[in-house]
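Next come the chains, spelled out residue by residue.
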Amino acid sequence: MSMPQPNVTGRASLVGAGPGDPELLTVKALRRIESADVLLYDKLVDPRILDLAPAHARRIDVGKRCGRHTLSQAAINRLIVAHAQAGAHVVRLKGGDPMVFGRAGEELAALAAAGVVAEVVPGITVACAAAASMAMPLTQRGYSRSLHLITGHGADDRVPTHDWNALAACDGTIAIYMGGRTLGQVTQRLLAAGLDPSTPAIAIENATLATERRLPGTVADIAALVAAAAVSGPTLVLVGRVVALRRQDAVESAMNEVRSRAA
Ligand SMILES: C[S@@+](CC[C@H](N)C(=O)[O-])C[C@H]1O[C@@H](n2cnc3c(N)ncnc32)[C@H](O)[C@@H]1O
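Residues numbered from 1 in each chain as written. Predicted model: local features only at pLDDT ≥ 70, side-chain atom pairs only at ≥ 80, totals over all residues. Heavy atoms only, no water.

## Notes on the pattern of salt bridges
Part 1 of the argument: Inspection of the entire model under this criterion finds eleven salt bridges.
Part 2 of the argument: Residue Asp171 is joined to Arg241 by a salt bridge in which the shortest nitrogen-to-oxygen separation is 3.0 Å. Here Asp171, found in the loop between α6 (164-169) and β7 (173-177), pairs with Arg241, found in the loop between β10 (235-239) and α9 (248-262); they are 70 residues apart in sequence, far enough to count as distant.
Part 3 of the argument: Judged by relative accessible area, which is 40%, Asp171 ranks as partly exposed.
Part 4 of the argument: For Glu205, the salt bridge goes to Arg213, with nearest N and O atoms at 2.7 Å.
Part 5 of the argument: By relative accessible area, Glu205 is classed as buried at 6%.
Part 6 of the argument: Accessibility expressed as a relative area gives 32% for Arg213, which makes it partly exposed.
Part 7 of the argument: What you see here is one network of salt bridges that share partners, running through Asp42, Arg92, Lys94 and Glu107. (Salt bridge = Lys/Arg side-chain N within 4 Å of Asp/Glu carboxyl O. Helix = DSSP H or I, 4+ residues; strand = E, 2+ residues; numbered from the N terminus. Buried < 20%, exposed > 50% of the residue type's maximum accessible area, 1.4 Å probe, protein only.)

Written as structure tokens, this is what we have:
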């Protein structure tokens, strides 16, 4: 079987842009963005991050958010391949980490099939960033020994199939990505599987941005709280006993005190 020959002129970098705050980019991500000829980006990538690309870089909005996109995944794959084969350094910028609910695997497969050299630059996934912004551990001795990243978005807008019994029984931390439309059903499934209704939960909208909003509750009422708050930005929901350990208020008031002493 003949293997596709590597295309040595162009290349592709699948880069994690992190959760929003440009300061949460990795140094490697910044370097790749600064050397981009073509930037293909999703809706969730902050405009301040796009501004870090050189003026000559072509910016292409592929419009992806919450698993929906204006271009099909196949069309995005073709665009990355075509620009790389034309000799460009293509930077495919994705919110958070490219390998977490980012369809990076499909893009890597398309690039490999076309013989285009590709690399992956990790980014901070939203679960880690949201927890950090609230000074909340995702795992903690005596509280949670596992972290489960699940999607609430299945095919045809339905709740995906997860092992709800295992999730309810693990006494770990559950991070629900893309739960916008299905959060009520996801929490119902967890409750039906035996998760204690008083288990703390919190929804974080626009984590790490100036517009960040936090809605604390329990697994039993978090879906109603989110619906009542008319959440419109990207939102992550964290469920687990560790949610009660968040210390954002204490951390923020201590930071304010340090700042006012320094001023
Ligand atoms: C397609 S997934 C991409 C996840 C991304 N690759 C990551 O590692 O964070 C998009 C989902 O991530 C969550 N999300 C992304 N950015 C967010 C933010 N700044 N605040 C809260 N949730 C966010 C939302 O649940 C959104 O529906």
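## Observations regarding the side chain of Arg32
Part 1 of the argument: Structurally, the position occupied by Arg32 is in helix α1 (residues 27-34).
Part 2 of the argument: Its relative accessible area of 18% is what places Arg32 among the buried residues.
Part 3 of the argument: Side-chain polar atoms of Arg32 contact the side chain of Glu119, separated by 2.4 Å.
Part 4 of the argument: Once residues lying within four places of it in the same chain are set aside, the contact partners of Arg32 are Arg11, Ser13, Val15, His89, Val91, Glu119 and Val121. (Polar contact = N/O pair within 3.5 Å; in protein donor to acceptor, adjacent residues only side chain to side chain. Contact = heavy atoms within 4.5 Å.)

## Some remarks on a nonpolar patch on the surface
Part 1 of the argument: Together, Phe101, Leu147 and Leu149 line one region of the surface with nonpolar side chains, adding up to about 220 Å² of accessible area.
Part 2 of the argument: In this fold, Leu149 is placed in strand β6 (residues 147-151).
Part 3 of the argument: Given the relative accessible area of 34%, Leu149 is considered partly exposed. (Patch = residues over 30% accessible without salt bridge, like charges linked within 9 Å, V, L, I, M, F, W, Y side chains within 5 Å. Areas by Shrake-Rupley, 256 points an atom, 1.4 Å probe, with all protein chains shown as cover.)

## Concerning the environment of Leu195
Part 1 of the argument: Within the secondary structure layout, Leu195 lies in the loop between α7 (183-192) and β8 (200-205).
Part 2 of the argument: Owing to a relative accessible area of 13%, Leu195 belongs among the buried residues under this scheme.
Part 3 of the argument: Along the chain, Leu195 and Asn165 lie 30 residues apart, while their C-alpha atoms are 8.6 Å from each other.
Part 4 of the argument: Once you skip the residues sitting within four places of it in the chain, Leu195 turns out to touch Ala168, Leu190, Val219 and Val239.

## Some details on the domain arrangement of the chain
Part 1 of the argument: What the domain assignment reports for the chain is domain 1 (9-121) and domain 2 (126-248).
Part 2 of the argument: Placing a centre on the C-alpha atoms of domain 1 and another on those of domain 2 gives a separation of 28 Å.
Part 3 of the argument: Summing the contributions of domain 1 and of domain 2, the shared interface buries around 1,100 Å²; its carbon and sulfur component is 66%.
Part 4 of the argument: On the surface where domain 1 and domain 2 come into contact, there are zero salt bridges.
Part 5 of the argument: On inspection of domain 1 and its partner domain 2, the count reaches one residue pair in polar contact (both at pLDDT 80 or more).
Part 6 of the argument: Classifying every residue of the side of domain 1 that touches domain 2 gives six nonpolar, two polar and five charged. (Domains from an automatic or database assignment. Buried area = accessible area lost by both parts, 1.4 Å probe. Nonpolar A, V, L, I, M, F, W, Y, C, P; charged D, E, K, R; others polar.)

## Examining the side chain of Asp97
Part 1 of the argument: Topologically, Asp97 is positioned in the loop between β4 (89-94) and α4 (104-113).
Part 2 of the argument: Here Asp97 is buried and forms no salt bridge, its nearest opposite-charge partner Lys94 lying at an N-O distance of 9.7 Å.
Part 3 of the argument: Within the structure, Asp97 has its side chain in polar contact with the backbone nitrogen of Gly123 (distance 3.0 Å). (Lys, Arg positive; Asp, Glu negative; His and termini not counted.)

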